[in-house]
Amino acid sequence: MKRIAALLLLFATLAGCGAQNESETRTVFAMDTVMTLTAYGAPSATGSALDAAEAELSRLDRLLSVTDSGSEISAVNRSGSAAVSEETGALIASALEASRLTAGAYDPTLGRISEAWGFHADTQHVPDPGLLADLLSACGYERVALDGASVEIGDGMALDLGGIAKGYAAERVLSVMGDAGVDSAVISLGGNVGTLGQKPGGPWRVAIEDPDRGDEYAGILALPGGMYAITSGAYERFFEEDGRIYHHILDPKTGFPAESDLQSVTIVSSDGTLADALSTALFVMGFDAAVEFWSNHSDLFQMVLITADGMYVTPELEIESGRDVTVLEAAP
Amino acid sequence: MRPRRWEAVILGVVILALLIWALWPGDPGAAVSVSVNGQVTEVYPLDQPTIVSIDGYGGFLLTLVVSDGSAHVEYASCPDLICQHHRPISSAGEQIVCLPARIVLTVTGKEAGVDAVTR
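Since we're looking at a predicted model, the values are computed, not measured.

Trainee: Please explain the overall build of chain B as it appears in this structure.
Mentor: In terms of regular secondary structure, chain B is built from 2 helices and 8 strands. Moving toward the C terminus, one meets the helices and strands of chain B in the order α-β-β-β-β-β-α-β-β-β. Residue burial in chain B is summarised as follows: out of 119 residues, 33% are buried. Considering only residue pairs separated by 6 or more positions, chain B has 32% of its internal contacts joining residues 24 or more positions apart.

Written as structure tokens, this is what we have:
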């Protein structure tokens, strides 16, 4: 009888090991994109964590959307100045900090310009150059005054936190999933990836989309928990007019899509909000300036740059790829 | 002490069960899973040629074609046609998304090489 009890115990233990590796995945449509959330652990914990994540995403959508007239950002854009929640104030502060850090290569004040290009409403077209010049003269992150939770923007300007909102949302989602008792999760908010804790059985494997869409992936990163991998590329969203391709990453200096020699920039950092802003900023900067920027701020992030010639990776990243990978060196 | 016969039978059954559990083919074969508005509606094996129309959110629909071990969207009634222009997918984790129709096609299979794709 004891033998049977021992066998049953062994069996239960083995079954228990299986349960540890169980995962639950949920697809959520929010922030104008599709999101995939995967939580590992016992079904009771994963279910409630995913519920909490979904609720958090719809809360953030209401708070930060530029297209929802009821959002706090819309209120600021309508009246030029408004009191916002502490959270929105802090996020605007992060956006302005990222703008200063990148000398304006990331700029959250291009709302009217994105609107003129029709990127929000799916009515994409090339705007009149005169209109664009007028709108551009009203933009500039230096013209946003933030005092705690009180925001004032310059005349003719509109805030658009789209360049950091998903990175911030990724941080929030993983935080609420952790609070709900899940200690291992991976999420992708429209391609903005975040990890929580250790994946059962190895590092998280995060693929980088091939900008040419020829290969399956350009490479696969091995990431620990608590990291964000956020990519910007011209291939994500674009339209064609009169035989020319126009993509959605605007150069704050010109108001036109950035003429970058980069096909894509992937930023890896423990700060999701910053990673999101930097992916846009470094794309706008182009290869040489991006490498120089990383040289000066290698404590903040790692990156993968893809150009027409190849793939360039900073030394601390672990990546597998069928391509020739050049490891970047920080300037002395 | 020799095991009693019924103990031996139980032992045998348990060992057999463990063997089946351990040796059962882990990879059910690559397939494309179709979800509409977050709910998985169908799963089609990639090794069986299929043409199927999928009703999506907002009255949009698309035609999924599975052939030569990959899946692609042959036709979509949505305005942006991003899904229709997407190249065929065949590796575990690859996705084609039609946002207006809220349809997500995902290649599944135990050999899933990746946990997420950054794009």
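After presenting the structure, the write-up continues.
Trainee: Where do I start with the overall build of chain A in this structure?
Mentor: Tallying secondary structure elements over chain A gives 9 helices and 17 strands in all. With respect to the three principal axes, the spread of C-alpha positions in chain A is 90 × 45 × 40 Å. Within the span of chain A, comprising 332 residues, buried residues form 45% of the whole. Of the contacts made within chain A by residues no fewer than 6 positions apart, 60% connect residues no fewer than 24 positions apart.

Trainee: What am I meant to see in the domain arrangement of chain A here?
Mentor: Many descriptions give the size of an interface as the accessible area lost when the pieces come together. Residue and element names in this part refer to chain A. Once the domains are mapped, chain A shows domain 1 (24–61 + 163–327) and domain 2 (72–160). For domain 1 versus domain 2, the distance between C-alpha centres works out to 23 Å. At the interface, 17 residues of domain 1 touch 21 residues of domain 2. Counting residues per element, the ones that place at least two in the side of domain 1 that touches domain 2 are α7 (162–179), β11 (238–241) and α8 (272–285). The dominant element in the side of domain 1 that touches domain 2, judged by the number of residues it contributes, is α8, at 7 residues. When the residues that make up the side of domain 1 that touches domain 2 are grouped by side-chain class, the tally is 11 nonpolar, 5 polar and 1 charged.

Trainee: Quick question: what am I supposed to make of helix α9 (residues 287–296) of chain A here?
Mentor: Three- or four-residue spacings in an α-helix give side chains the same orientation, since the helix completes a turn every 3.6 residues. Residues and elements named next belong to chain A. Of all the residues in α9, the buried ones are Ala290, Phe293 and Trp294. For α9, the angular spread of buried residues about the axis comes to 100°, placing them on one side. Looking at α9, the residues exposed on the side facing more than 90 degrees away from the buried face are Asp288 and Asn296. Looking at the packing, one finds that the buried side of α9 touches β13 (262–269), α8 and β14 (302–307).

Trainee: When you look at the packing of helix α2 (residues 43–64) of chain A against α7 of chain A in this model, what are you seeing that I'm missing?
Mentor: A packed helix pair is summarised by two numbers, namely the angle formed by the two axes and the spacing between the axes. All names here are of chain A. At a closest axis distance of 9 Å, the pairing of α2 and α7 adopts a crossing angle of 150°. Judged on the interaxial angle alone, α7 and α2 are roughly antiparallel. Between α2 and α7 the crossing geometry is right-handed. Between α2, through Ala49, Ala52, Ala53, Glu56, Leu57, Leu60 and Leu64, and α7, the contact on the second element is made entirely by Ala165, Ala169, Arg172, Val173, Val176 and Met177. For the contact of α2 with α7, the class distribution of residues is 11 nonpolar, no polar and 2 charged.

Trainee: Any chance you could explain the pairing of β14 of chain A here in plain terms?
Mentor: Two faces make up the sheet, and in a regular strand the side chains alternate between them. All names here are of chain A. Counting buried residues along β14, 5 of its 6 residues qualify, which places the element largely inside the surrounding structure. Sheet analysis places β13 next to β14, joined by 6 bridges and oriented antiparallel. Paired with Ser264 across the two strands is Ile306, which belongs to β14. Sheet analysis places β14 next to strand β15 (residues 311–313), joined by 3 bridges and oriented antiparallel. Counterpart to Val304 in the pairing with β15 is Val313.

Trainee: I keep staring at unusual backbone geometry and nothing clicks. Help me out?
Mentor: It is generally the case that most residues other than glycine have a negative phi and that most peptide bonds are trans. Unusually for a residue other than glycine, Asp32 of chain A sits at a positive phi of about 60°. Here Asp32 of chain A is to be found in the loop between β1 (23–30) and β2 (33–40). At Arg102 of chain B, a position not held by glycine, the phi torsion is positive, near 55°. As for its placement among the helices and strands, Arg102 of chain B is situated in the loop between β6 (95–98) and β7 (103–108). According to the C-beta neighbour criterion, Arg102 of chain B is buried, with 20 such atoms within 10 Å.

Trainee: Hey, could you run me through the nonpolar core in this one?
Mentor: Here is a general trend for soluble globular proteins: nonpolar side chains tend to be buried in one another's company. Residues and elements named next belong to chain A. Of all hydrophobic cores here, the largest spans 123 residues; its most connected members are Ile187 and Val206. Considering every element that reaches this core, the biggest residue donor is α8, with 9 residues. Both of domain 1 (24–61 + 163–327) and domain 2 (72–160) provide at least three residues apiece to this core. When residues no more than four places from it in sequence are discounted, the contact partners of Ile187 are Met35, Thr36, Leu37, Ala170, Val173, Leu174, Val193 and Gly194.

Trainee: Which parts of the structure should I look at to understand the interface of chain B and chain A?
Mentor: At the junction of the two partners, chain B supplies 23 residues and chain A supplies 31 residues. Residue assignment for the side of chain B that touches chain A shows that the elements contributing at least two residues are α1 (5–23) and β8 (116–118) of chain B. With 4 residues, the single largest contributor to the side of chain B that touches chain A is α1 of chain B. Its residues assigned to classes, the side of chain B that touches chain A shows 10 nonpolar, 6 polar and 7 charged.

Trainee: Can you help me understand the pairing of β11 of chain A in this one?
Mentor: All names here are of chain A. When β11 meets strand β12 (residues 244–247), the two strands line up antiparallel, connected through 4 bridges. Looking at the pairing, Phe238 lines up with His247 of β12. Hairpin connection, β11 to β12: the antiparallel pair is bridged by 2 residues, and Asp242 has positive phi, about 50°.

Trainee: Sorry if this is basic, but what is going on with α7 of chain A here?
Mentor: Residue and element names in this part refer to chain A. With 18 residues, α7 should reach 26 Å at 1.5 Å per residue; the first-to-last C-alpha distance of 26 Å fits that figure. Of the residues making up α7, those classed as buried are Gly162, Gly163, Ile164, Ala165, Lys166, Gly167, Tyr168, Ala169, Ala170, Val173, Leu174 and Met177. Following α7 by one or two positions, Gly181 adopts a phi angle in the positive range, close to 100°.

About the thresholds
Residues numbered from 1 in each chain as written. Chains lettered and ligands numbered in written order. Predicted model: local features only at pLDDT ≥ 70, side-chain atom pairs only at ≥ 80, totals over all residues. Helix = DSSP H or I, 4+ residues; strand = E, 2+ residues; numbered from the N terminus. Buried ≥ 20, exposed ≤ 12 C-beta atoms within 10 Å, placed from the backbone. Contact = placed C-beta atoms within 7 Å. Domains from an automatic or database assignment. Nonpolar A, V, L, I, M, F, W, Y, C, P; charged D, E, K, R; others polar. Arc of directions from axis to C-beta. Axes fitted to C-alpha atoms, helices over the stretch in contact; angles between N-to-C directions. Parallel < 35°, antiparallel > 145°, perpendicular 65-115°, else oblique. Left-handed = near helix turned anticlockwise from the far one by under 90°. Pairing = 2+ DSSP bridges. Core = buried A, V, L, I, M, F, W, Y, C linked by C-beta atoms within 7 Å. Expected span 1.5 Å × (residues − 1).

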